[in-house]
Structure formats: C-alpha cells, structure tokens
Amino acid sequence: MSSDPPVFGIRPILTVVHPNGERLIVARLTSLGGSSQSNRFVLRRADFRAPWEQPDKGYFGYAEVARALDANGWRGCTIEAMPTTDLEERRTRQLARKKLHLQCVEAAIRRAQDSQAP
C-alpha cells in the first residue's frame, strides 16, 4: 500500500472567470520539495478562501472541479492558464486547462441529460 506524500502547499495554475467577472483560482497541491501532485486541486477565491465547501479528502480531481463549478452556478465560465516563463510549466498549465474544459463540457451534458430524464 502506498501512502500519499504530505501536502506542503499549493501552486496556482488556472483562473476560472465567471460571466459576471468573478474569478476563482484552481491551484495544484504540492508536496515537500515543490513537486506537483497531478490531478489534485483546490479551488480558492483571490483571497485564498474556499468559495464553497470542499471535499472531505481535501482536494478535487478534474471531474470534481467541473461538477463543483456546475453545481454552484459557474456555467459558461472561461478557463485561463496563469502565465509563467517556464516552458514546461506553461505546457502543463495549457494541458490542465484543456482537461478541465472537457470535464466542464461533460458536466454540462450530464446536467442537461438529467434534466430531461423522466
């Protein structure tokens, strides 16, 4: 059985912009030494407070971020990769943006299908 490395901090990588202009930060959890824990995220406002209740495990995956955004009225939002000068980090953030976008589309489709179910 493998144990997860302890969480040391967070690294903001994406910004989610609501149509009304409000912004949320999607931050990747990091372990000691600064390495990112892929697919483990927290959602934060600009002041780093949680925008709503967070999962019991303390972090979200891509699909959970998308479902939380959808459930809390963040439909039609824009996902932006935060700027960085590191080319590898830029590529990683663009990939994360694409993955989150796909999950948001799937959450919207699921919501539409559920609303049409008898």
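First, a word on scope: everything that follows refers to the structure included in this document. (Residues numbered from 1 in each chain as written. Predicted model: local features only at pLDDT ≥ 70, side-chain atom pairs only at ≥ 80, totals over all residues. Heavy atoms only, no water.)

Within helix H1 (residues 62-71), burial applies to Tyr62, Val65, Ala66, Ala68, Leu69 and Asp70. Positive phi appears at glycine 73, one or two residues downstream of H1, with a value of about 80°. (Buried < 20%, exposed > 50% of the residue type's maximum accessible area, 1.4 Å probe, protein only. Helix = DSSP H or I, 4+ residues; strand = E, 2+ residues; numbered from the N terminus.)

Here we come to unusual backbone geometry. Phi at phenylalanine 48 is positive, roughly 70°, even though this residue is not glycine. Relative to the elements of secondary structure, phenylalanine 48 occurs in the loop between strand E3 (36-44) and H1. Take phenylalanine 48: its relative accessible area is 42%, and that puts it in the partly exposed class.

With that out of the way, let us pick up the layout of surface pockets. Considering only enclosed or pocket space, the largest pocket measures out at about 160 Å³ in volume. Considering the residues around the largest pocket, the lining is formed by 13 residues, among which Trp74, Gly76, Cys77, Cys104 and Val105 are closest to the centre. Elements with a minimum of two residues in the lining of the largest pocket: H1 and helix H2 (87-116). Ranked by residue count, the leading element in the lining of the largest pocket is H2, at 5 residues. Each residue belonging to the lining of the largest pocket can be placed in one class, and the counts come to 8 nonpolar, 2 polar and 3 charged. (1 Å grid on protein atoms, 1.4 Å probe; cavity = no way out; pocket = protein on both sides within 12 Å on 5 of 7 lines; lining within 4 Å. Points joined across faces, edges and corners; volume = space filled by probe spheres on them. Nonpolar A, V, L, I, M, F, W, Y, C, P; charged D, E, K, R; others polar.)

If you check H2, its first and last C-alpha atoms are 44 Å apart, about what 30 residues at 1.5 Å a residue would give, namely 44 Å. For H2, every residue scored as buried is listed here: Glu89, Arg93, Ala96, Leu100, Cys104 and Ala107. The backbone nitrogen of glutamate 88 has a side-chain oxygen 3.0 Å away, supplied by the residue at the start of H2, namely aspartate 86. (Expected span 1.5 Å × (residues − 1). Polar contact = N/O pair within 3.5 Å; in protein donor to acceptor, adjacent residues only side chain to side chain.)

In this section: the packing of aromatic side chains. The geometry of an aromatic ring pair is captured by the separation of the ring centres together with the interplanar angle, meaning the angle of the planes. Under the criterion given, the structure shown has 2 aromatic pairs. A centroid spacing of 4.8 Å and a plane angle of 55° characterise the contact between phenylalanine 41 and tyrosine 62, whose relative ring orientation is tilted. With phenylalanine 41 in strand E3 and tyrosine 62 in helix H1, the pair connects residues that are 21 residues apart, well separated along the chain. Classification of phenylalanine 41 as buried rests on a relative accessible area of 1%. (Phe/Tyr/Trp six-rings, centres within 6.5 Å; stacked < 30°, edge-to-face > 60°.)

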